[in-house]
Amino acid sequence: MLTVLVADDTSTDRMILESLVRQLGYITVPASNGLEAIAFYQQYQPDIVLMDVLMPEMDGLEAARSIKKLAGENFVPILFLTSLSDTESLVACLDAGGDDFIPKPYNKPILQAKINAFGRMRELQTTLLQQRDQIRLNNNTLLQEQAVAKKVFDNVAGKGCLDDPNIRFHLSSQAIFNGDVLVAAHRPNGNLMLLLGDFTGHGLPAAIGSMPLATAFYGMVSKGFSLQDILREINHKLKTLLPPGIFCCASLLEVDYQVQQVKVWNGGLPSGVLYRGVSGEVELLSSQSLPLGIMGNDRLNSQCRYFDISATDRIYLWTDGIHEARSFDGEMFGEARLLEVFRHGSDVKANQIFDRILEAVHEHVGSDVFDDDLSLVEISLASPPEPTDDQDVGARGDQGLIEWSMSFEIKPPTFLHFDPLPLLMTVISDVPGLRGKSAQVYTVLAELYSNALEHGLLQLDSSLKNDAEGFAEYYRLRKRRLEQLTEGFIRFTLAHSVNGDEGVLRLTLEDSGEGFDHHNKLRETGEKDFSGRGIALVTTLCASLTYEGNGNIVKAVFTWKD
Amino acid sequence: MTQFTSLDESVIDTLREIMGQEFNDLIQAYRIDCQTRISALKQELSEDNCDGVRRAAHSLKGSSGNVGASHMQELCLALETSAKNEDLSSAPEMIANIESEYQNIESDLNVITRN
């Protein structure tokens, strides 16, 4: 119910007014001068004030000014009661904060209609203020929640290797709420794997997909899953988790520093750039697939492009934030301006391209307050720094898998589609003493497994790989024989034991193949050729490497010391 | 049907309708108001206070309007205007007229409250 303050020094006026107001169902508070009006305003917080202009003690104008000041942002309508009709007097009322006039003598229908109208306005404004406060509160809550969400995401994403000296990137501080996500990590074999993604939309719906993407990426890369496996897993996760209409444009690439090759998949992101440091030429890494999270895995095109690289090459990836950065008159930055940065050739040194791109966008947008929605990443393809051990060591001391052994056998047609190494690496990564050595263990396992499969089961001749033509033939044969393989097995036996601060991992791989003359063959391995490199490397990583049986059993002993 | 000398009967009827049970209180308030203002007028006049005279005349004019005492309103307006112009020369006579008009009103009011 509304409360109406009636301020008039003439008692009959006041009584008549009060009576009229009460007939509307409102509560009245009488005041006989300006000072009383102010005091009662503070005491009763009325919704509407009816105020006589000429009053003793303090006149209505001054009282109105005080009440408006006290009301602050609350709307308290003040209606002046007046028999004055000259413009000057009326303007003075308005200047004092008056909202309307009620002429004397009172006309009942008009007076009641005005009070009702201002009553409705007052209620409307009160609702408005409440809703505004609610929105403000909600917004604060939202910002707090976003900060928490960002913290969680940073915890997930913080495990990566984005601080590698080979990687430079620029992301808006609110990137995950722009839907942009950048993750990078090393595979156990030392390859760099990096994904730049751009989810459709903004805010929480865009951010929400980043979590499963990042956890899948980091979980799988560290266990040695292949790029395709990771791609398919992320695609599957996003397709299953996200509602239709939310998907992720992404580029995923793997840099193999040993073979000097980069493998790139792009689904829906603007073309990236492979910059040739020596010639200054540019190759576009264009999108050849649909974004992640749209199609089921059966229809996902996971085909990659391969590029040979040298140490002076660089790769640039970006989201469409750069292309769509608008100048003052609305013109977008666009791909042409972006590629122009690379064409300056000798003007711009390779190590300045990154900064130059950002500068060019800033110049184009031309505003001091730069609404930053840009994601840009540069990967320099120089050899990576020596991998540090213990990239991700949980503080579990000697409480994990310590004394154990396992045997694991796979048979056709499992070989065709399943890579047993990530599974084994999952076990290895639970061994405290081995966690920092997973790269080495992976290398050993990978080499022994591929030998057992390709030479043991598939009977492929590694000498084929000595020239490029043979290389291709080798892989053609590998594929065909794998498809035809109907029997045979490869058995892994892993045993681990600890003695004080030292440990031993014994790996045995047995295959059902014919074996080879290991007494002579082992020493023939050339130094540089691809086929020999593996075993030579394995020998240096292991305390011992021995062949038994017909050469179809290989035993590697891998030791570690704290 | 009563004949009023100084009050407007239709205004009184409307007031009765608006005020309901408080009608007599209002009439009583008007009486007190008139008496208060008239003695205020005399007081202000004796102090030669134009503004005081103007305020009292303005108030009496307003409350008289409420009961339809139109002649009283005219008398008050004339006094208010003079006081505004800082001319109190005819004020004693005007106040005397106001006082005698109040006597007429008073007899009308007595009729009203007796009913």
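Residues numbered from 1 in each chain as written. Chains lettered and ligands numbered in written order. Predicted model: local features only at pLDDT ≥ 70, side-chain atom pairs only at ≥ 80, totals over all residues. Heavy atoms only, no water.

- By the naming in an unreviewed UniProt entry, chain B goes by HPt domain-containing protein and is assigned to Marinibactrum halimedae.

- Chain A appears in an unreviewed UniProt entry as Fused response regulator/phosphatase from Marinibactrum halimedae.

## Quick word on the UniProt feature "domain: Response regulatory" (unreviewed entry) in chain A
Inference 1: The residues that UniProt annotates with the feature "domain: Response regulatory" (unreviewed entry) are residues 3-119 of chain A.
Inference 2: Annotated as residues 3-119 of chain A, this span is 49% helix and 21% strand, and its ends, taken at the C-alpha atoms, are 9 Å apart. (UniProt positions renumbered as here; feature names shortened; annotations may be inferred. Helix = DSSP H or I, 4+ residues; strand = E, 2+ residues; numbered from the N terminus.)

## Here we look at the interface of chain B and chain A
Inference 1: Between chain B and chain A, the residue contacts involve 19 residues of the former and 16 residues of the latter.
Inference 2: When residues of chain B are sorted by the area they lose upon contact with chain A, Ile18(B), His58(B) and Asn66(B) head the list and together hold 35% of the total.
Inference 3: Counting across the chain B and chain A interface gives 1 salt bridge.
Inference 4: Here Glu22(B) ties to Arg22(A) by a salt bridge, and the two come within 3.1 Å at their closest N and O atoms.
Inference 5: In terms of residues, the side of chain B that touches chain A owes the most to one element, helix 3 (residues 50-66) of chain B, which gives 8 residues.
Inference 6: Its residues assigned to classes, the side of chain B that touches chain A comprises 6 nonpolar, 5 polar and 8 charged. (Contact = heavy atoms within 4.5 Å. Buried area = accessible area lost by both parts, 1.4 Å probe. Salt bridge = Lys/Arg side-chain N within 4 Å of Asp/Glu carboxyl O. Nonpolar A, V, L, I, M, F, W, Y, C, P; charged D, E, K, R; others polar.)

## Looking at the pattern of salt bridges
Residue and element names in this part refer to chain A.
Inference 1: Counted according to the given criterion, the structure contains 30 salt bridges over all chains.
Inference 2: With its nearest N and O atoms 2.7 Å apart, the salt bridge here joins Glu-73 to Arg-132. Highlighted residues: Glu-73 in the loop between helix 3 (60-71) and strand 4 (78-82) and Arg-132 in helix 5 (residues 108-157), separated in sequence by 59 residues.
Inference 3: Through salt bridges with shared partners, a single network forms among Glu-409, Lys-411, Arg-491 and Glu-510.

## Things to note about the environment of Ile357(A)
Residue and element names in this part refer to chain A.
Inference 1: With respect to the helices and strands, the residue Ile-357 is situated in helix 12 (residues 353-365).
Inference 2: Look at Ile-357 and you get buried, because its relative accessible area is 0%.
Inference 3: When the C-alpha positions of Ile-357 and Leu-460 are compared, they lie 49 Å apart, and in sequence the two are 103 residues distant.
Inference 4: Those residues in contact with Ile-357 that lie beyond four places of it in its chain are Tyr-316, Trp-318, Ile-322, Leu-338, Val-341, Phe-342 and Leu-376. (Buried < 20%, exposed > 50% of the residue type's maximum accessible area, 1.4 Å probe, protein only.)

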